[in-house]
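# Examining the three-dimensional arrangement
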Amino acid sequence: MDSDGYPYEISDIRISVLPGRSFRFSHDSLTVRDTPESATETKEEEKIMTTPTKTQLRSQAWFARMDKMGILYRSWMKNQGLPHHLFDGRPVIGICNTWSELTPCNAHFRELAEYVKKGVYEAAGFPLEFPVMSLGETNLRPTAMMFRNLASMDVEESIRGNPIDGVVLLCGCDKTTPSLMMGAASCNVPALVVSGGPMLNGCYLGQRIGSGTGVWQMSEAMRAGKIGIAEFIEAESCMNRSRGHCMTMGTASTMASMVESLGMGLPHNAAIPAVDARRQVLAHLAGRRIVEMVREDLTIDKILTREAFENAIRTNAAIGGSTNAVNHLIALAGRVGVDLKLSDFELGSDVPCLLNLQPSGEFLMEDFYYAGGLPVILRELGEAGLLHKDVVTVNGKTIWENAKNAECYNRKVIYSFKQPFKPHAGIAVLRGNLAPNGAVIKPSAATPALLKHRGRAVVFETVEELHEQVNDENLEIDETCIMILKGAGPKGYPGFAEVGNMPLPTKVLRKGITDMVRISDGRMSGTAYGTVVLHVAPEAAVGGPLAYVQTGDMIELDVPERRLHLDVSDEELARRKGEWKAPEPPARGWYRLFHDHVLQADQGVDLDFLVGKSGAAVPRDNH
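Cut-offs used in this document
- Residues numbered from 1 in each chain as written.
- Predicted model: local features only at pLDDT ≥ 70, side-chain atom pairs only at ≥ 80, totals over all residues.
- Heavy atoms only, no water.
- Buried < 20%, exposed > 50% of the residue type's maximum accessible area, 1.4 Å probe, protein only.
- Helix = DSSP H or I, 4+ residues; strand = E, 2+ residues; numbered from the N terminus.
- Arc of directions from axis to C-beta.
- Contact = heavy atoms within 4.5 Å.
- Polar contact = N/O pair within 3.5 Å; in protein donor to acceptor, adjacent residues only side chain to side chain.
- Pairing = 2+ DSSP bridges.
- Axes fitted to C-alpha atoms, helices over the stretch in contact; angles between N-to-C directions.
- 1 Å grid on protein atoms, 1.4 Å probe; cavity = no way out; pocket = protein on both sides within 12 Å on 5 of 7 lines; lining within 4 Å.
- Points joined across faces, edges and corners; volume = space filled by probe spheres on them.
- Nonpolar A, V, L, I, M, F, W, Y, C, P; charged D, E, K, R; others polar.
- Salt bridge = Lys/Arg side-chain N within 4 Å of Asp/Glu carboxyl O.
- pLDDT = per-residue confidence, 0-100.
- Phe/Tyr/Trp six-rings, centres within 6.5 Å; stacked < 30°, edge-to-face > 60°.
- Lys NZ or Arg CZ within 6 Å of the ring centre and 35° of its normal.

## Quick notes on helix α2 (residues 68-77)
All of the buried residues in α2 are Met69, Gly70, Tyr73, Arg74 and Met77. All buried residues of α2 lie within an arc of 120 degrees about the axis, which places them on one face of the element. Exposed side chains of α2 directed beyond 90 degrees from the buried face belong to Lys68 and Trp76. In this structure, the buried side of α2 is in contact with α1 (60-63) and β5 (126-131). Regarding α2, its N-cap is Asp67, as a side-chain oxygen of that residue lies 3.2 Å from the backbone nitrogen of Met69 further along.

Take a look at the structure:
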């Protein structure tokens, strides 16, 4: 390190092992001389390391050292067959990989990482791939959301503790995208996201079938007696027939779209199918670009501005995106110091839905890409005056420079702003005595006639109770009732599970009814649909009003007026509160840490001690 605290750069190294020579190390250099040392030296010592130069790259605090620690850091890396010139001061790019065979959406990321590496090498960078916890929605219990913050800590400390100057984040399944961005944002290094891409369209009996959405539709059809188990099983392979994440506008596709609309990914990151060669090209170009970003010092905080988040909120409305984007964007904003609140999502309430995609519509992500992809949506928003055009993106251009010439090739998939697919979209934020701190609903996925409804509550205290009773012919419920599920929030489940889209009672399904008003403190999959009120805050497990609802209470839902009201007097609610007992917290481990520090749904469900960023100062040496 020089007097200003900058590490030195290695500019030239020549090492050979010859008979009759010995090595000598000093605090800033390595020299070689003839032996024995008592012999008359007839020539000057040959410097192995030349005069260092000043650089601001973090990695040089490891690799430019000319002392014992420099040898330690470089030498062990070389057992991978790395040539010495890679340590010459070029940017070290971490490739943060969420590959896992337990996360099928991300199972192709080993191959994708190789294309990123090609681009990094091409731009004279030094790529080093590293793993982090992979969060798969399909297998991970009790919910992948339980581990989003843990994975973000994994990413943050992996970046901060290693010789990394910039990072490419390989994301796919729902929670991998926010967790990786949150961790990188807390370090505030140059970062670029490469999404894994959606699966090809599902096709069953000549019809499009969407991942997730088809599961919910066909499971209800089977419970209603319309199809059999053999047909249901046959549809499985037809639904998920290629690598990639969900091809509906579920949370994975939504978050890939948020990446692009925030400026954190290259144009077309959102929609290129995983098996399309252009996904590999995008990964290659991302590898080239991240090296340039390091040299430009284009850090995350210069991209994730307040204006970028407002662009993302409006984009989420225009694509009919998942309600899960709410807590992910709030949590991400908290990591970079942007004060984003639940009420800010009303910025999208006047934005029409422009995208005819399941679960709100007909088509799938493959069709979206062929129709022009997310740049077309961004152009429509920009021409309508609903896009902050000057925000910077990872490719160094503004978001408007990336989108202004985008062309739509299929107006059956992407509608125009003047003639939208649905006039009302976005995320509606509800408040009232049942949700003092807010709740959310996705109008584009709801039944219009139910957006203003008054009904009798039928309460399920736990998800187990729901599953035990929903098929009971003696359950006193009909389509006019409002289903209530407690214990699904951040602390209550624990982990804030996707159980809010409760299955309808069998006897209601047999009438041909496909939707009812449902209210919970949990989440639902972005692939799901229905008149479902979610994220009720405070949750039942911390003594929010939802905890005191009883079967038979009357509830009023008025989405146009943003109102969610429990028709019970304050005095009666106070009495019920006095009888309520909080559930026991988990005993140990991550579950206990999560329970004790997790924030509520309206605050993004981050851990209280993770809000904000710590930067990427170089830690102390390890020996």
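## Comments concerning the sheet that holds strand β4 (residues 92-97)
Taken together, four strands build an open sheet; the order of strands is β5-β4-β6-β7 and the sheet is parallel. Where the open sheet ends on each side, the last strands, each with one partner, are β5 and β7 (191-195). When the angles between neighbouring strand axes are averaged without regard to direction, this sheet yields 20 degrees.

## As for the environment of Arg379
As for its placement among the helices and strands, Arg379 is situated in helix α13 (residues 374-383). For Arg379, a relative accessible area of 26% corresponds to the partly exposed category. Other than its neighbours up to four places away in sequence, Arg379 contacts Trp400, Ala403, Lys404, Asn405 and Ala406. A distance of 2.9 Å separates the side chain of Arg379 from the side chain of Glu383, its partner in a polar contact.

## Describing the pairing of strand β16 (residues 554-558)
With five bridges joining them, strand β12 (residues 452-460) and β16 adopt antiparallel strand pairing. Paired with Arg454 across the strands is Glu556, a residue of β16. As defined by bridge partners, β16 adjoins strand β17 (residues 563-566) across four bridges and the pair is classed as antiparallel. In the sheet register, Glu556 faces β17, and the bridge partner there is His565. In textbook terms, the turn of a hairpin is the stretch between consecutive antiparallel strands, and for β16 and β17 this stretch comprises four residues, one of which, Arg562, has a positive phi near 60 degrees.

## A word on empty space enclosed by the protein
Following the criterion strictly, the structure yields one cavity of 30 Å³ or more and no others. Its volume calculated, the largest cavity comes out at about 70 Å³. Secondary structure elements with two or more residues in the lining of the largest cavity: α13 and α14 (399-403). Examining the composition of the lining of the largest cavity, we find that three residues originate from one element, α14, more than from any other. Split into classes, the residues belonging to the lining of the largest cavity amount to six nonpolar, three polar and one charged.

## What about the pattern of salt bridges?
Tallying each qualifying case throughout the model produces 40 salt bridges. Salt-bridge contacts for Glu292 lead to Arg289; the nearest nitrogen and oxygen are separated by 3.0 Å. On the criterion of helical spacing, the pair formed by Glu292 and Arg289 is a turn pair, its members being three residues apart in helix α9 (residues 277-296). Judged by its relative accessible area of 7%, Arg289 falls in the buried class. Through salt bridges with shared partners, a single network forms among Glu137, Asp174, Lys175, Glu498 and Arg523.

## Focus: the confidence of the model for the protein
With 91% of its residues at a pLDDT of 70 or more, the protein has an overall mean of 90. pLDDT under 50 marks residues 1-54. Its contacts with residues more than four places away, or in other chains, come to 99 contacts.

## Comments concerning the packing of aromatic side chains
The full count for this structure, using the stated rule, is seven aromatic pairs. Both rings, one in Tyr415 and one in Phe421, keep their centres 5.4 Å apart while their planes meet at 50 degrees; by these two values the pair is tilted. Taking relative accessible area as the criterion, Tyr415 reaches 24% and is therefore assigned partly exposed. Ring plane angle 55 degrees and centroid distance 6.1 Å describe the contact between Trp590 and Phe594, whose orientation is recorded as tilted. Of this pair, Trp590 and Phe594 both sit in helix α18 (residues 589-597), separated by four residues, roughly a single helical turn. Comparing Trp590 with Phe594 shows no difference in burial state: the two are buried. Three or more aromatic residues link up through ring pairs in this structure, and these residues are Phe63, Phe87 and Phe126. Above the face of the Trp99 ring, Arg110 is positioned so that its terminal group lies 3.8 Å from the ring centre. Between the NZ or CZ atom of Arg523 and the centre of the ring of Phe496, over which it lies, the distance is 5.6 Å.

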